[in-house]
Amino acid sequence: MRARAALLAAVLLAAVLTPASPARAASPVLMITRIYYDSPGTDTRTNASRNAEYVLLKNTTRARINLNRWTVRDRANHVYTFGASYLAAGATVVLRTGGGTNTAATRFWNSGNYIWNNDTDTAYLRSPAGTAVDSCASNSTRVDYTAC
């Protein structure tokens, strides 16, 4: 009987002293999946060249997401704010640096300059409340894009 009580006490003590495993971080509902930070060829600052720079975002949920007031920014704090639009469940949206006509699948920053540095930079995604949701860093001059 004593041995059983001692064993039970040891098991209970171990349960109390064993740290709880950390909770798994929830996957973001919207995430950065790719940054094409160096448009192909010489940087000519043409609209076509600027539009070859882009960030690809994916809705990872089974519901559509209201993109209104979500933001994408770089390390230098250039900020793009999404207007009223929705992203379907599982769908992607491309955010291009240059100008164009926004569609459900492609948005345009309408910047007259390049946003992303050709060697190192970081894209930050924030919710409408300003909460950091995702980020993706590039750090290479050997390739023109990074998968996140």
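In this report, we go over the structure that sits alongside the text. Here the structure is a predicted model, which means the values were calculated and not measured.

Let us look at the state of the cysteines. Inspection of every chain in the model, using the stated rule, returns one disulfide. Put simply, Cys136 and Cys148 are joined by a disulfide, and their sulfur atoms are 1.9 Å apart. Taking the sign of the S-S torsion, -85 degrees for the link of Cys136 and Cys148, the bridge is left-handed. With a gap of twelve residues between them, Cys136 in strand E10 (residues 132-139) and Cys148 in the segment after strand E11 (145-147) connect regions that are remote in the sequence.

Before going further, it helps to spend a moment on unusual backbone geometry. Residues other than glycine predominantly adopt negative phi, and peptide bonds predominantly adopt the trans conformation. Within the chain, Arg69 stands out as a residue other than glycine whose phi angle is a positive 75 degrees. Mapped onto the secondary structure, Arg69 falls in the loop between strand E3 (65-66) and strand E4 (71-73). Positive phi outside glycine occurs at Asn77, with the angle close to 70 degrees. For Asn77, a relative accessible area of 47% corresponds to the partly exposed category.

Turning our attention to the side chain of Ser39. Here Ser39 lies in the loop between strand E1 (30-36) and helix H2 (47-51). Among the polar contacts listed, one links the side chain of Ser39 to the side chain of Asp43, at a separation of 3.4 Å. At a separation of 3.2 Å, a polar atom in the side chain of Ser39 contacts the side chain of Ser49. Beyond its immediate stretch of four places on either side in the chain, Ser39 contacts Ser49, Ala52, Glu53 and Tyr114.

About the cut-offs
Residues numbered from 1 in each chain as written. Predicted model: local features only at pLDDT ≥ 70, side-chain atom pairs only at ≥ 80, totals over all residues. Heavy atoms only, no water. Disulfide = S-S within 2.5 Å. Helix = DSSP H or I, 4+ residues; strand = E, 2+ residues; numbered from the N terminus. Buried < 20%, exposed > 50% of the residue type's maximum accessible area, 1.4 Å probe, protein only. Polar contact = N/O pair within 3.5 Å; in protein donor to acceptor, adjacent residues only side chain to side chain. Contact = heavy atoms within 4.5 Å.

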